[in-house]
Amino acid sequence: MLETPLVIVNFKAYAEATGKKAVELSRILSSVAEREGVCVAVAPQAPDLRSVVEVGLPVLAQHVDPLTPGAHTGWILPEAVKEAGAAGSLINHSERPLRAEEIEACVRRLRELGLVSVVCAADPGLCRKVASFRPDFVAVEPPELIGTGRAVSKVRPEVVSEAVKLVKEVDPGVRVLCGAGISTGEDVRTALKLGAEGVLLASSVVKAKDWRAAAEDVVRGARRD
Ligand code: G3P
C-alpha cells in the first residue's frame, strides 16, 4: 500500500489541517498523487483518521501507544488505528517522543496487526538504533530544521546519506525517509539522490496559501521520470 518513492504529509496539530480541513487537504493530495503517479500518504490527528481514510489515500496515525486492549485511558491503541482504516503509524516523532523500549514495543504491536511502522529519529546514530527494531521505515528528521523551510536534504545532506548507510547496514529491507524543512520539488529530488526513498513533510504544504500548487511542486519532485 505504501510504495516508494513515498511522500508523507504530516498534518500535526495544525488548525489548517484539522477536522473538515483535514479531509479537504487530503482530497487535494489524493488528486495530485493520482495525477503525478506518486504514492502520497497523510498523517492526520487521531480523531480525523476515519474521515480521512474515506478519501482513499493511504493514512497513517501520528502516534500509537505500545498497549494491548484494556483499562488504559487517554492512550491510542494500535487496534483502534487499524479499525479506523489506517495503514500504520508514525512513531517517535520529535514532537511526540518515546523511549527506546516503547518504540520497539510499538513496532512489534504494529507488525502483529499487519500495520506499517514509520519510526522517526533525530540523527543517523538513532536511525541505526531504531532500525534494529526492524520497522518498515525509518525517517531521519533533525529537529532544529523542522518547520524552518530549510531542507535537510539541502543544508545537511550528510545527515541523509549517513542515515541511509547506517540503516542499510543493519537491514537493507528497512526503507529510509528524510524530513525537516522539505519545501520544494527540488528538495525532494535532492533527498532521493542522497538515497532516501521518500520524504516526510508538513508546513510547506499544510500552511501554504495554495495547497494544490504546494503539493504539486513537492510531489513532482518524487516522480520517477
Ligand atoms: O513530520 C514532518 C515534520 O516534522 C517536518 O516538518 O514543517 O519541517 O516539513 P516540516
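Residues numbered from 1 in each chain as written. Predicted model: local features only at pLDDT ≥ 70, side-chain atom pairs only at ≥ 80, totals over all residues. Heavy atoms only, no water.

Caption draft 1: The arrangement of the overall build of the chain in detail. Each helix and strand in the chain was counted, giving 10 helices and eight strands. In terms of overall dimensions, the chain is globule-like: its C-alpha atoms have a radius of gyration of 16 Å, near the 17 Å expected for 225 residues. With respect to the principal axes defined by its C-alpha atoms, the chain has extents near 45 × 40 × 30 Å. Counting only residues that meet the buried cut, the chain has 54% of its 225 residues in that class. (Helix = DSSP H or I, 4+ residues; strand = E, 2+ residues; numbered from the N terminus. Rg over C-alpha atoms; globule rule 2.2 N^0.38 Å. Buried < 20%, exposed > 50% of the residue type's maximum accessible area, 1.4 Å probe, protein only.)

Caption draft 2: Here's a closer look at the site of the ligand. By nearness alone, every residue bordering the ligand is listed as N10, K12, H93, E141, I146, G147, A180, G181, L200, L201, A202 and S203. Taking H93, its side chain carries an N or O atom lying 2.7 Å from an oxygen atom of the ligand. The separation between an oxygen atom of the ligand and a polar main-chain atom of A202 is 2.8 Å. Expressed as a share of its isolated accessible area of 310 Å², the protein-covered part of the ligand is 100%. Residues of the shell around the ligand, tallied by class, amount to five nonpolar, five polar and two charged. (Near = heavy atom within 4 Å. Polar contact = N/O pair within 3.5 Å; in protein donor to acceptor, adjacent residues only side chain to side chain. Areas by Shrake-Rupley, 256 points an atom, 1.4 Å probe, with all protein chains shown as cover. Nonpolar A, V, L, I, M, F, W, Y, C, P; charged D, E, K, R; others polar.)

Caption draft 3: The sheet that holds strand β8 (residues 198–201), seen in detail. Pairing within the open sheet is parallel, and its eight strands lie in the order β2-β1-β8-β7-β6-β5-β4-β3. Each edge of the open sheet carries a strand with a single partner, namely β2 (39–43) and β3 (60–61). Bridge count for strand β1 (residues 6–10) against β2 is five bridges, and the pairing is parallel. For V9, the partnering residue across the bridge sits in β2 and is V42. (Pairing = 2+ DSSP bridges.)

Caption draft 4: Summary view of the packing of helix α1 (residues 20–36) against helix α10 (residues 211–220). Taken N-terminus to C-terminus, the directions of α1 and α10 make an angle of 40°; their axes are 10 Å apart at the nearest point. One element, α1, and the other, α10, form an angle in the oblique class. The handedness of the crossing between α1 and α10 comes out as right-handed. Mapping the contact onto sequence places K21, E24, L25, I28, L29, S31, V32, R35 and E36 in α1 and W211, R212, A215, E216, V219 and R220 in α10. For the contact of α1 with α10, the residue count by class is seven nonpolar, one polar and seven charged. (Axes fitted to C-alpha atoms, helices over the stretch in contact; angles between N-to-C directions. Parallel < 35°, antiparallel > 145°, perpendicular 65-115°, else oblique. Left-handed = near helix turned anticlockwise from the far one by under 90°. Contact = heavy atoms within 4.5 Å.)

Caption draft 5: Fine view of the nonpolar core. By size, the foremost hydrophobic cluster in this structure holds 67 residues, and its most contacted members are V9, F11, L29 and C178. The next biggest cluster of nonpolar side chains, apart from the first, holds 15 residues, and it includes L6, V116, L177 and L200. (Core = buried A, V, L, I, M, F, W, Y, C linked by side-chain atoms within 4.5 Å.)

Caption draft 6: Structural detail: the packing of helix α5 (residues 124–131) against helix α7 (residues 157–170). As a packed pair, α5 and α7 sit with axes 8 Å apart at the nearest point and diverge in direction by 25°. The angle between the axes of α5 and α7 places the two elements in the roughly parallel class. Between α5 and α7 lies a crossing whose hand is right-handed. In contact with P124, G125, C127, R128 and A131 of α5, α7 contributes V159, E162, A163, L166, V167 and V170. Considered class by class, the residues forming the contact of α5 with α7 number eight nonpolar, one polar and two charged.

Caption draft 7: Examining the pattern of salt bridges more closely. In the structure shown here, the tally under the stated rule is 17 salt bridges. A salt bridge links R109 to E79, with the shortest nitrogen-to-oxygen separation between them at 2.6 Å. Linking R109 in helix α4 (residues 100–112) with E79 in helix α3 (residues 78–83), this pair joins segments that are 30 residues apart in sequence. The class for R109 is buried, based on a relative accessible area of 8%. Each of R35, E36, E216, R220 and R223 takes part in salt bridges that share partners, so that together they form one network. (Salt bridge = Lys/Arg side-chain N within 4 Å of Asp/Glu carboxyl O.)

Caption draft 8: Summary view of the pairing of β8. The side-chain alternation of β8 yields two buried faces, one formed by G198 and L200 and the other by V199 and L201. The pairing of β1 with β8 spans four bridges and is parallel. Within β8, the position partnered with V7 by the bridge is V199. The pairing of strand β7 (residues 175–179) with β8 spans two bridges and is classified as parallel. What sits directly across from G179, in β8, is L200. Between the parallel pair β7 and β8, the chain is carried across by helix α8 (residues 185–193), and the sense of this crossover is right-handed. (Right-handed = clockwise from strand over helix to strand, strands pointing away.)

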